[in-house]
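Overview (structure and organization)
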Amino acid sequence: MIKALTAATLGWLLAGCGWLDPGIDHACTLSGERFLYQDGKRLGEAGVANLKFSLTTYRWRNSYSISSAESIPEQANPQVLLDKGRSNSAESVYLLDQTDAASKERTVTSLVLNLVSGDARISHRRWLPPAEWRNSDQYSYSGHCKPLK
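Residues numbered from 1 in each chain as written. Predicted model: local features only at pLDDT ≥ 70, side-chain atom pairs only at ≥ 80, totals over all residues. Heavy atoms only, no water.

For the protein, the count of helices and strands is one helix and nine strands. Mapped from its N terminus to its C terminus, the protein presents α and β elements in the order α-β-β-β-β-β-β-β-β-β. In the protein, which comprises 149 residues, the proportion classed as buried is 28%. Relative to all contacts within the protein whose residues are 6 or more apart in sequence, the contacts with residues 24 or more apart total 47%. (Helix = DSSP H or I, 4+ residues; strand = E, 2+ residues; numbered from the N terminus. Buried < 20%, exposed > 50% of the residue type's maximum accessible area, 1.4 Å probe, protein only. Contact = heavy atoms within 4.5 Å.)

Further remarks concern the pairing of strand β1 (residues 24–38). Along any regular strand the residues' side chains alternate between the sheet's two faces. Two elements, β1 and strand β3 (residues 49–57), share nine bridges in a ladder whose sense is antiparallel. Across the sheet, Ala27 pairs through a bridge with Ser54, a residue of β3. When β1 meets strand β9 (residues 132–147), the two strands line up antiparallel, connected through eleven bridges. The partner of His26 across the bridge, within β9, is Pro147. Pairing between β1 and strand β2 (residues 41–43): three bridges, direction antiparallel. Looking across to β2, one finds that Tyr37 is bridged to Arg42. What sits between β1 and β2 in their antiparallel hairpin is a turn of two residues, with Asp39 showing a positive phi close to 55°. (Pairing = 2+ DSSP bridges.)

Enumeration according to the criterion identifies one disulfide in this entry. Across the disulfide from Cys28 sits Cys145; the S-S distance is 2.1 Å. The chirality of the disulfide connecting Cys28 with Cys145 is right-handed, given an S-S dihedral of about 115°. In this pair, Cys28 is assigned in strand β1 and Cys145 in strand β9, connecting sequence segments 117 residues apart. Given a relative accessible area of 2%, Cys28 falls into the buried group. Take Cys145: its relative accessible area is 2%, and that puts it in the buried class. (Disulfide = S-S within 2.5 Å.)

One can find Asp21 in the loop between α1 (2–17) and β1. By relative accessible area, Asp21 is classed as buried at 5%.

What follows covers the side chain of Ser136. By secondary structure assignment, the location of Ser136 is in strand β9. One polar contact links the side chain of Ser136 to the main-chain carbonyl oxygen of Trp133, over a distance of 2.8 Å. Ser136 has contacts with Phe35, Leu36, Tyr37, Arg126 and Trp127, leaving out every residue within four places of it along the chain. (Polar contact = N/O pair within 3.5 Å; in protein donor to acceptor, adjacent residues only side chain to side chain.)

What follows is about the nonpolar core. Counting 19 residues, the largest nonpolar core has Leu30, Phe53, Leu55, Ile72 and Ile122 as the members making the most contacts within it. Taken together, the elements giving at least two residues each to this core come down to β1, β3, β6 (91–99), β7 (106–114), β8 (119–128) and β9. Those residues in contact with Leu55, other than ones at most four positions away along the chain, are Ile24, Asp25, His26, Cys28, Tyr64, Ser65, Leu111, Leu113 and Cys145. (Core = buried A, V, L, I, M, F, W, Y, C linked by side-chain atoms within 4.5 Å.)

Next up on the list: the pattern of salt bridges. For the coordinates displayed, the defined rule picks out seven salt bridges. One salt bridge connects Arg34 with Glu74, and the closest N-O pair in it is separated by 3.2 Å. With a gap of 40 residues between them, Arg34 in strand β1 and Glu74 in the loop between β4 (65–67) and β5 (81–82) connect regions that are remote in the sequence. As a salt-bridge pair, Asp137 and Arg34 come within 4.0 Å of each other at their nearest N and O atoms. (Salt bridge = Lys/Arg side-chain N within 4 Å of Asp/Glu carboxyl O.)

Below, the structure written as structure tokens:
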């Protein structure tokens, strides 16, 4: 029992340090648009925006990490996890879909990374269902993530 517990603890520590599951770093460049609405009025400038950020994915973990992405903080939420039902050997789909019990506000945040081509899409939407946009925010960006070696 002690040997099994020690082995499990050691494995957990090594995985936590990244020794058993080192990250795969990507440099990502995406473009798209963000929509922010308050009281039915659009806030901010309309038009296409370009994003550059670093993405780290893992072979065995259900999460990813993102940096240099201050304009898309929702993507750094640790609750955005690999959806094994939507993912396959060529594409990883990370998803958070939750509804706040008190406000009934729904949030859907996703990242889709094609592991073969490097094509990537990120999106986020926060709104009051079924289709209330008057106080909502959303964005959608697509582009490419290049693995760094």
